[in-house]
Amino acid sequence: MRTTKEQTELLDKLLGGGIDTEILLFALERAREMILNYCRLKELPAGLENALLSLCVDIYRAEQPGRVQTVGVVKSMTEGDVSISYGSAASAAENGGLAFLKDYAKTLDRYRKAGW
């Protein structure tokens, strides 16, 4: 298993570089908490390390922590007299935990404990 420093360095490379280490640590811890809570685990298994990093990348790209203002996805476009409206960045990450985890459910379900 990689150390936290190695994970943040790799995460920085995956995101294109030049990202503040504290922001990477925040995304890393947020993703770790989401996985551990979903799987009902106390520690992250080595088999989920790549899923953790992939989830970090998705969280960073959707929420862009550390940026003052982010633009959401394009909601509508009009060609005559050009008009483009954007959704908020918050709506892109709406219900964030569940939306992100849906993409990872198959991978995470193998490690998920029953919650009786």
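For the structure itself, consult the block above.
**Remarks on a nonpolar patch on the surface**
- Together, Met 77, Val 82 and Ile 84 line one region of the surface with nonpolar side chains, adding up to about 340 Å² of accessible area.
- Turning to its location among the elements, Val 82 is positioned in the loop between β1 (71–78) and β2 (83–88).
- The exposed category is assigned to Val 82, whose relative accessible area is 64%.

**Quick notes on the packing of aromatic side chains**
- For the coordinates displayed, the defined rule picks out 0 aromatic pairs.
- Lying across the ring of Tyr 38, Arg 112 places its NZ or CZ 4.1 Å from the centre.

**A look at the nonpolar core**
- Leu 15, Ile 35, Cys 39, Leu 48, Leu 55 and Leu 108 are the most contacted members of the largest nonpolar core, which totals 26 residues.
- If you list the elements that add at least two residues to this core, you get α2 (21–39), α3 (49–63) and α5 (96–109).
- Sort the elements by how many residues they give to this core and α2 lands first, with 9 residues.

**Description of α2**
- Its 19 residues give α2 an end-to-end C-alpha distance of 27 Å, which sits within 8% of 27 Å, the value for a rise of 1.5 Å per residue.
- When α2 is considered as a whole, its buried residues turn out to be Ile 23, Leu 24, Ala 27, Leu 28, Ala 31, Arg 32, Met 34, Ile 35, Leu 36, Tyr 38 and Cys 39.
- Among the residues trailing α2, Arg 40 stands out with phi positive, at a value near 60°.

**Remarks on the packing of helix α1 (residues 4–14) against α3**
- One way to put it is that α1 packs onto α3 with a least axis distance of 10 Å and a crossing angle of 50°. The orientation of α1 relative to α3 falls into the category oblique. The chirality of how α1 crosses α3 is right-handed. From α1, Gln 7, Leu 10, Leu 11 and Leu 14 reach across to α3, where they touch Glu 49, Leu 52, Leu 53, Cys 56, Val 57 and Arg 61.
- By residue class, the composition of the contact of α1 with α3 is 7 nonpolar, 1 polar and 2 charged.

**With respect to the packing of α2 against α3**
- Here α2 crosses α3 at 120°, and the two axes come no closer than 9 Å. When the axis of α2 is compared with that of α3, the two are oblique. Crossing of α2 over α3 shows right-handed handedness. Between α2, through Ile 23, Ala 27, Leu 28, Arg 30, Ala 31, Arg 32, Met 34 and Ile 35, and α3, the contact on the second element is made entirely by Ala 51, Leu 52, Leu 53, Leu 55, Cys 56, Ile 59, Tyr 60 and Glu 63.
- For the contact of α2 with α3, the per-class residue count stands at 13 nonpolar, no polar and 3 charged.

**So, α3**
- End to end, α3 covers 21 Å across 15 residues, agreeing with the expected 21 Å (1.5 Å per residue, within 8%).
- Every buried residue of α3 is listed here: Glu 49, Ala 51, Leu 52, Leu 53, Leu 55, Cys 56, Val 57, Ile 59 and Tyr 60.

**Focus on the side chain of Asp 12**
- Topologically, Asp 12 is positioned in helix α1.
- The side chain of Asp 12 sits in the buried core without any salt bridge; Lys 13 is the nearest counter-charge, 8.3 Å away.
- Residues in contact with Asp 12, not counting those within four places in the same chain, are Gly 17, Gly 18, Ile 19 and Leu 24.

Quick notes on the rules
- Position labels on residues start from 1 in each chain and follow its written sequence.
- Reporting of local features is limited, given that this is a predicted model, to residues whose pLDDT is at least 70; pairs of side-chain atoms are given and counted only at 80 or more, and all residues count toward the totals for whole chains, interfaces and linings.
- Note: side-chain values were computed over all heavy atoms of the structure, leaving out hydrogens and water.
- Note on patches: the residues involved have over 30% relative accessible area and no salt bridge, like charges join within 9 Å, and the nonpolar side chains Val, Leu, Ile, Met, Phe, Trp and Tyr join within 5 Å.
- Per-residue accessibility takes into account occlusion by the displayed protein chains alone, with areas from the Shrake-Rupley method and a 1.4 Å probe.
- Any carboxyl oxygen of Asp or Glu within 4 Å of a side-chain nitrogen of Lys or Arg constitutes a salt bridge here.
- Counting from the N terminus, the helices are the DSSP runs of H or I reaching at least four residues and the strands are the DSSP runs of E reaching at least two.
- Only protein chains enter the accessibility calculation, which uses a 1.4 Å probe. A residue is then buried if its area is under 20% of the maximum for its type, exposed if over 50%, and partly exposed in between.
- Two rings belonging to Phe, Tyr or Trp (six-membered ring only in the last case) form a pair when the distance between their centres is within 6.5 Å. Interplanar angles under 30 degrees mark stacking, angles over 60 mark edge-to-face geometry, and anything in between is tilted.
- Comment: the charge-over-ring label is applied if NZ (Lys) or CZ (Arg) is within 6 Å of the ring centre and within 35 degrees of the ring normal.
- Residues grouped as a nonpolar core are buried Ala, Val, Leu, Ile, Met, Phe, Trp, Tyr and Cys residues, joined through side-chain atoms within 4.5 Å.
- For a helix, the expected span equals 1.5 Å multiplied by the number of residues minus one.
- Note on geometry: axes are lines fitted to C-alpha atoms, helical ones only across the stretch in contact, with angles between N-to-C directions running from 0 to 180 degrees.
- Any angle between 65 and 115 degrees counts as roughly perpendicular, while under 35 counts as roughly parallel, over 145 as roughly antiparallel, and the rest as oblique.
- Crossing handedness: left-handed means the near helix sits turned counterclockwise from the far one by under a right angle, and right-handed means the same turn made clockwise.
- Only heavy atoms enter the contact rule, under which two residues are in contact if any of them lie within 4.5 Å.
- Here the nonpolar group is Ala, Val, Leu, Ile, Met, Phe, Trp, Tyr, Cys and Pro; Asp, Glu, Lys and Arg are the charged ones; every other residue, Gly included, is treated as polar.
- A residue counts as positive if it is Lys or Arg and as negative if it is Asp or Glu; His and the chain ends are not included.

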